Amino acid sequence: MSDWIRAQLTAGLPALAGTSLSGTIVVKQELINELLGDWLAGAGTGTGSTSPDIRNVVRYVTNAAVRAEPGRLLLDFAFAVPRTE
Amino acid sequence: VISASQLQGTTAGGTFRVAESAVNDLLSRTRQATAPTIHFEPGNHALIRYGIFHARVRLPAAMEVGVHPRLTVTLASTVVAWGLKAVLTHPYVSVNGRHVTLDLSAIPALRSWQDWLRCFTSIAFSTTEAALAVAFTFQVPE
(Lines give C-alpha, C1' and ligand atoms only; values in the text may rest on other atoms or scores of the structure.)
Protein backbone atom coordinates (compact mmCIF):
# COMPACT_ATOMS: atom_id res chain seq x y z
CA MET A 1 0.00 0.00 0.00
CA SER A 2 2.74 2.49 0.97
CA ASP A 3 4.62 1.60 -2.23
CA TRP A 4 1.48 2.34 -4.23
CA ILE A 5 1.00 5.72 -2.51
CA ARG A 6 4.65 6.63 -3.02
CA ALA A 7 4.46 5.72 -6.72
CA GLN A 8 1.27 7.76 -7.13
CA LEU A 9 2.79 10.82 -5.46
CA THR A 10 5.89 10.61 -7.62
CA ALA A 11 3.88 10.12 -10.83
CA GLY A 12 1.48 13.02 -10.13
CA LEU A 13 -1.55 11.03 -8.88
CA PRO A 14 -2.65 9.47 -12.19
CA ALA A 15 -5.19 7.31 -10.31
CA LEU A 16 -6.99 10.43 -9.08
CA ALA A 17 -7.27 12.39 -12.35
CA GLY A 18 -10.28 14.72 -12.07
CA THR A 19 -10.07 15.06 -8.28
CA SER A 20 -10.65 18.50 -6.79
CA LEU A 21 -10.39 19.54 -3.14
CA SER A 22 -10.49 22.79 -1.22
CA GLY A 23 -10.63 23.89 2.37
CA THR A 24 -8.96 25.53 5.31
CA ILE A 25 -6.52 23.76 7.61
CA VAL A 26 -6.36 25.33 11.07
CA VAL A 27 -3.09 24.74 12.89
CA LYS A 28 -2.59 25.81 16.49
CA GLN A 29 0.74 27.34 17.45
CA GLU A 30 1.44 24.44 19.84
CA LEU A 31 1.36 21.99 16.91
CA ILE A 32 3.52 24.25 14.75
CA ASN A 33 6.11 24.42 17.52
CA GLU A 34 5.96 20.65 18.03
CA LEU A 35 6.44 19.95 14.31
CA LEU A 36 9.21 22.52 14.10
CA GLY A 37 10.97 20.89 17.04
CA ASP A 38 10.70 17.44 15.45
CA TRP A 39 11.96 18.76 12.12
CA LEU A 40 14.91 20.53 13.71
CA ALA A 41 15.80 17.44 15.76
CA GLY A 42 15.72 15.30 12.63
CA ALA A 43 17.76 17.81 10.65
CA GLY A 44 20.39 17.94 13.39
CA THR A 45 20.87 14.19 13.58
CA GLY A 46 20.29 13.32 9.93
CA THR A 47 17.25 11.22 10.87
CA GLY A 48 14.64 13.33 9.08
CA SER A 49 12.05 11.43 7.10
CA THR A 50 12.66 10.87 3.41
CA SER A 51 9.68 12.06 1.38
CA PRO A 52 8.91 10.98 -2.16
CA ASP A 53 9.42 13.52 -4.90
CA ILE A 54 6.06 15.28 -4.76
CA ARG A 55 6.80 18.13 -7.16
CA ASN A 56 4.36 16.47 -9.57
CA VAL A 57 1.65 16.79 -6.93
CA VAL A 58 2.41 20.29 -5.66
CA ARG A 59 1.81 21.67 -9.17
CA TYR A 60 -1.88 20.81 -8.77
CA VAL A 61 -2.31 23.33 -5.96
CA THR A 62 -4.45 26.05 -7.56
CA ASN A 63 -4.74 28.30 -4.52
CA ALA A 64 -2.83 28.60 -1.27
CA ALA A 65 -2.91 31.35 1.30
CA VAL A 66 -1.85 31.66 4.91
CA ARG A 67 -3.72 33.75 7.46
CA ALA A 68 -2.78 34.32 11.08
CA GLU A 69 -5.15 34.57 14.02
CA PRO A 70 -4.17 34.75 17.68
CA GLY A 71 -2.64 31.38 18.58
CA ARG A 72 -3.18 29.69 15.23
CA LEU A 73 -2.52 29.70 11.49
CA LEU A 74 -5.15 29.15 8.83
CA LEU A 75 -4.01 27.60 5.56
CA ASP A 76 -6.52 28.04 2.73
CA PHE A 77 -6.00 25.68 -0.17
CA ALA A 78 -7.48 24.44 -3.40
CA PHE A 79 -6.18 21.43 -5.28
CA ALA A 80 -7.21 19.92 -8.59
CA VAL A 81 -5.78 16.98 -10.52
CA PRO A 82 -6.51 17.52 -14.24
CA ARG A 83 -8.49 14.91 -16.10
CA THR A 84 -6.38 12.88 -18.45
CA GLU A 85 -8.88 12.17 -21.25
CA VAL B 1 1.13 11.41 14.23
CA ILE B 2 -1.25 14.36 14.05
CA SER B 3 -4.69 13.80 15.54
CA ALA B 4 -7.90 15.48 14.40
CA SER B 5 -8.17 17.33 17.71
CA GLN B 6 -4.94 19.15 16.89
CA LEU B 7 -6.56 20.67 13.80
CA GLN B 8 -9.78 21.97 15.37
CA GLY B 9 -11.69 24.26 13.03
CA THR B 10 -10.31 22.66 9.87
CA THR B 11 -12.80 22.33 7.01
CA ALA B 12 -12.46 20.71 3.60
CA GLY B 13 -14.56 19.41 0.79
CA GLY B 14 -14.29 18.15 -2.72
CA THR B 15 -14.54 15.13 -4.95
CA PHE B 16 -12.09 12.29 -5.31
CA ARG B 17 -12.29 10.68 -8.74
CA VAL B 18 -10.77 7.23 -8.66
CA ALA B 19 -10.04 5.27 -11.81
CA GLU B 20 -11.27 1.68 -11.84
CA SER B 21 -7.79 0.54 -12.82
CA ALA B 22 -6.38 2.10 -9.64
CA VAL B 23 -8.93 0.30 -7.44
CA ASN B 24 -8.11 -3.01 -9.10
CA ASP B 25 -4.39 -2.33 -8.78
CA LEU B 26 -4.89 -1.85 -5.04
CA LEU B 27 -7.04 -4.97 -4.75
CA SER B 28 -4.36 -6.99 -6.55
CA ARG B 29 -1.92 -6.08 -3.77
CA THR B 30 -3.93 -7.96 -1.17
CA ARG B 31 -2.29 -11.11 0.08
CA GLN B 32 -5.01 -13.37 -1.24
CA ALA B 33 -4.13 -15.79 -4.02
CA THR B 34 -7.14 -14.62 -6.05
CA ALA B 35 -7.78 -10.92 -5.81
CA PRO B 36 -11.24 -9.53 -6.55
CA THR B 37 -11.71 -7.04 -9.39
CA ILE B 38 -14.40 -4.40 -9.78
CA HIS B 39 -15.93 -2.74 -12.82
CA PHE B 40 -17.83 0.52 -12.31
CA GLU B 41 -20.84 1.33 -14.47
CA PRO B 42 -23.00 4.46 -14.63
CA GLY B 43 -25.85 4.82 -12.13
CA ASN B 44 -23.86 3.72 -9.05
CA HIS B 45 -23.67 0.16 -10.34
CA ALA B 46 -20.62 -2.08 -10.09
CA LEU B 47 -19.72 -5.62 -11.04
CA ILE B 48 -17.43 -7.50 -8.66
CA ARG B 49 -15.59 -10.57 -9.89
CA TYR B 50 -13.86 -12.97 -7.52
CA GLY B 51 -12.68 -16.10 -9.29
CA ILE B 52 -15.77 -17.66 -10.82
CA PHE B 53 -18.00 -15.60 -8.53
CA HIS B 54 -19.74 -12.53 -10.02
CA ALA B 55 -21.89 -10.10 -8.10
CA ARG B 56 -23.65 -6.95 -9.19
CA VAL B 57 -23.96 -4.27 -6.52
CA ARG B 58 -25.45 -0.81 -6.29
CA LEU B 59 -23.62 1.82 -4.30
CA PRO B 60 -25.68 4.21 -2.17
CA ALA B 61 -25.99 7.85 -3.16
CA ALA B 62 -24.59 8.66 0.29
CA MET B 63 -23.29 6.75 3.28
CA GLU B 64 -23.99 7.27 6.95
CA VAL B 65 -21.45 9.48 8.69
CA GLY B 66 -20.81 10.38 12.32
CA VAL B 67 -19.60 8.29 15.24
CA HIS B 68 -20.55 5.05 13.45
CA PRO B 69 -19.97 5.61 9.72
CA ARG B 70 -21.65 2.85 7.74
CA LEU B 71 -21.58 1.96 4.06
CA THR B 72 -24.51 -0.07 2.77
CA VAL B 73 -24.41 -1.58 -0.72
CA THR B 74 -27.28 -3.45 -2.32
CA LEU B 75 -26.69 -6.74 -4.09
CA ALA B 76 -28.66 -7.46 -7.26
CA SER B 77 -29.13 -11.11 -6.28
CA THR B 78 -30.86 -12.45 -3.19
CA VAL B 79 -29.08 -15.78 -3.70
CA VAL B 80 -25.69 -14.09 -3.59
CA ALA B 81 -26.78 -12.26 -0.42
CA TRP B 82 -27.72 -15.57 1.22
CA GLY B 83 -24.35 -16.99 0.25
CA LEU B 84 -22.50 -14.01 1.65
CA LYS B 85 -24.45 -14.14 4.89
CA ALA B 86 -23.36 -17.75 5.31
CA VAL B 87 -19.65 -17.14 4.75
CA LEU B 88 -19.07 -13.63 6.15
CA THR B 89 -18.28 -13.86 9.82
CA HIS B 90 -16.60 -10.49 10.37
CA PRO B 91 -18.39 -8.54 13.12
CA TYR B 92 -18.20 -5.33 11.08
CA VAL B 93 -20.20 -6.78 8.14
CA SER B 94 -23.92 -7.45 8.33
CA VAL B 95 -26.27 -8.77 5.66
CA ASN B 96 -29.97 -7.92 5.74
CA GLY B 97 -31.90 -9.09 2.72
CA ARG B 98 -29.89 -7.86 -0.28
CA HIS B 99 -28.24 -5.09 1.76
CA VAL B 100 -24.65 -5.51 2.93
CA THR B 101 -23.52 -3.01 5.58
CA LEU B 102 -19.95 -2.30 6.52
CA ASP B 103 -19.49 -0.59 9.91
CA LEU B 104 -16.29 1.40 9.43
CA SER B 105 -16.06 2.18 13.15
CA ALA B 106 -15.63 -1.54 13.89
CA ILE B 107 -12.92 -2.40 11.35
CA PRO B 108 -9.69 -3.13 13.24
CA ALA B 109 -7.47 -1.76 10.44
CA LEU B 110 -9.24 1.62 10.70
CA ARG B 111 -9.10 1.87 14.49
CA SER B 112 -6.35 4.50 14.52
CA TRP B 113 -8.29 6.62 12.00
CA GLN B 114 -11.56 6.81 13.97
CA ASP B 115 -11.19 10.42 15.14
CA TRP B 116 -10.64 11.47 11.50
CA LEU B 117 -13.54 9.36 10.15
CA ARG B 118 -15.93 11.03 12.59
CA CYS B 119 -15.15 14.43 11.07
CA PHE B 120 -16.73 13.64 7.71
CA THR B 121 -20.07 15.45 7.57
CA SER B 122 -21.11 13.93 4.24
CA ILE B 123 -19.83 11.26 1.85
CA ALA B 124 -21.60 10.68 -1.46
CA PHE B 125 -20.91 8.27 -4.31
CA SER B 126 -21.47 8.37 -8.05
CA THR B 127 -20.09 6.21 -10.81
CA THR B 128 -19.36 6.59 -14.48
CA GLU B 129 -17.98 4.01 -16.88
CA ALA B 130 -14.82 2.67 -15.20
CA ALA B 131 -14.59 5.38 -12.54
CA LEU B 132 -15.86 6.15 -9.04
CA ALA B 133 -16.43 9.66 -7.65
CA VAL B 134 -16.54 10.23 -3.90
CA ALA B 135 -17.75 13.68 -2.86
CA PHE B 136 -17.22 14.69 0.75
CA THR B 137 -17.39 17.47 3.27
CA PHE B 138 -15.18 17.42 6.33
CA GLN B 139 -15.09 19.49 9.49
CA VAL B 140 -13.07 19.13 12.67
CA PRO B 141 -15.26 20.57 15.44
CA GLU B 142 -13.86 23.54 17.39
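Structure's up top.
Since we're looking at a predicted model, the values are computed, not measured.

### Looking at the sheet that holds strand β2 (residues 61-69) of chain A
In spatial order, the strands read β2(A)-β3(A)-β1(A)-β1(B)-β9(B)-β8(B); together these 6 strands make up an open sheet with antiparallel pairing. Both edges of this open sheet fall to β2 of chain A together with β8 (120-128) of chain B, since each of them pairs with a single strand only. Direction aside, neighbouring strands of the sheet carry axes that sit 20° apart on average. Sitting on the sheet, helix α1 (residues 20-28) of chain B touches β1 (11-19) and β9 (131-139) of chain B, and the angle it makes with β1 of chain B is about 85°.

### Things to note about the packing of aromatic side chains
Residue and element names in this part refer to chain B. In the structure shown here, the tally under the stated rule is 5 aromatic pairs over all chains. Considering the side-chain rings of Phe-120 and Phe-136, the 5.8 Å spacing of their centres and the 70° angle between planes classify their relative orientation as edge-to-face. Of this pair, Phe-120 sits in strand β8 while Phe-136 sits in strand β9, placing them 16 residues apart in sequence. Residue classification places Phe-120 among the partly exposed positions, given a relative accessible area of 22%.

### Some words on the pairing of strand β7 (residues 99-103) of chain B
Successive side chains on a regular strand alternate, one facing one side of the sheet and the next facing the other. Residues and elements named next belong to chain B. Pairing of strand β5 (residues 70-75) with β7 involves 5 bridges; the strand directions are antiparallel. What sits directly across from Thr-74, in β7, is His-99. As paired strands, strand β6 (residues 93-96) and β7 are joined by 4 bridges and run antiparallel to one another. Note that in β7 the partner of Val-95 across the bridge is Val-100. Linkage of β6 to β7, two consecutive antiparallel strands, is achieved through a turn of 2 residues, within which Gly-97 is found at a positive phi near 60°.

### Structural notes on the nonpolar core
Phe-79 of chain A together with Phe-40, Leu-75, Phe-125 and Phe-138 of chain B are the most contacted members of the largest nonpolar core, which totals 45 residues. Every residue in contact with Phe-79 of chain A, bar those within four places of it in the chain, is listed here: Leu-13, Thr-19, Ser-20, Leu-21, Val-57, Tyr-60, Val-61 and Thr-62 of chain A.

### Side note on the sheet that holds β6 of chain B
Residue and element names in this part refer to chain B. Taken in spatial order, the 6 strands make up an open sheet running β2-β3-β4-β5-β7-β6, and their pairing is antiparallel. In this open sheet, the two edge strands, each paired with only one partner strand, are β2 (37-41) and β6. Taken over all neighbouring pairs, the strand axes of this sheet differ in orientation by 30° on average, direction set aside.

### Things to note about the side chain of Asn-44 of chain B
Residue and element names in this part refer to chain B. In this structure, Asn-44 sits in the loop between β2 and β3 (45-50). By relative accessible area, Asn-44 is classed as buried at 11%. In contact with Asn-44, other than residues within four places in its own chain, are Val-57, Arg-58, Leu-59, Pro-60, Ala-61, Phe-125, Ser-126 and Thr-127.

### Details of unusual backbone geometry
Residue and element names in this part refer to chain B. A positive phi angle, near 65°, is found at Asn-44, a position not held by glycine. Positive phi outside glycine occurs at Ala-130, with the angle close to 65°. Residue position: Ala-130 is located in the loop between β8 and β9. Overall, Ala-130 belongs to the partly exposed group, its relative accessible area being 31%.

The rules behind these values
- Residues numbered from 1 in each chain as written.
- Chains lettered and ligands numbered in written order.
- Predicted model: local features only at pLDDT ≥ 70, side-chain atom pairs only at ≥ 80, totals over all residues.
- Heavy atoms only, no water.
- Pairing = 2+ DSSP bridges.
- Helix = DSSP H or I, 4+ residues; strand = E, 2+ residues; numbered from the N terminus.
- Axes fitted to C-alpha atoms, helices over the stretch in contact; angles between N-to-C directions.
- Contact = heavy atoms within 4.5 Å.
- Phe/Tyr/Trp six-rings, centres within 6.5 Å; stacked < 30°, edge-to-face > 60°.
- Buried < 20%, exposed > 50% of the residue type's maximum accessible area, 1.4 Å probe, protein only.
- Core = buried A, V, L, I, M, F, W, Y, C linked by side-chain atoms within 4.5 Å.

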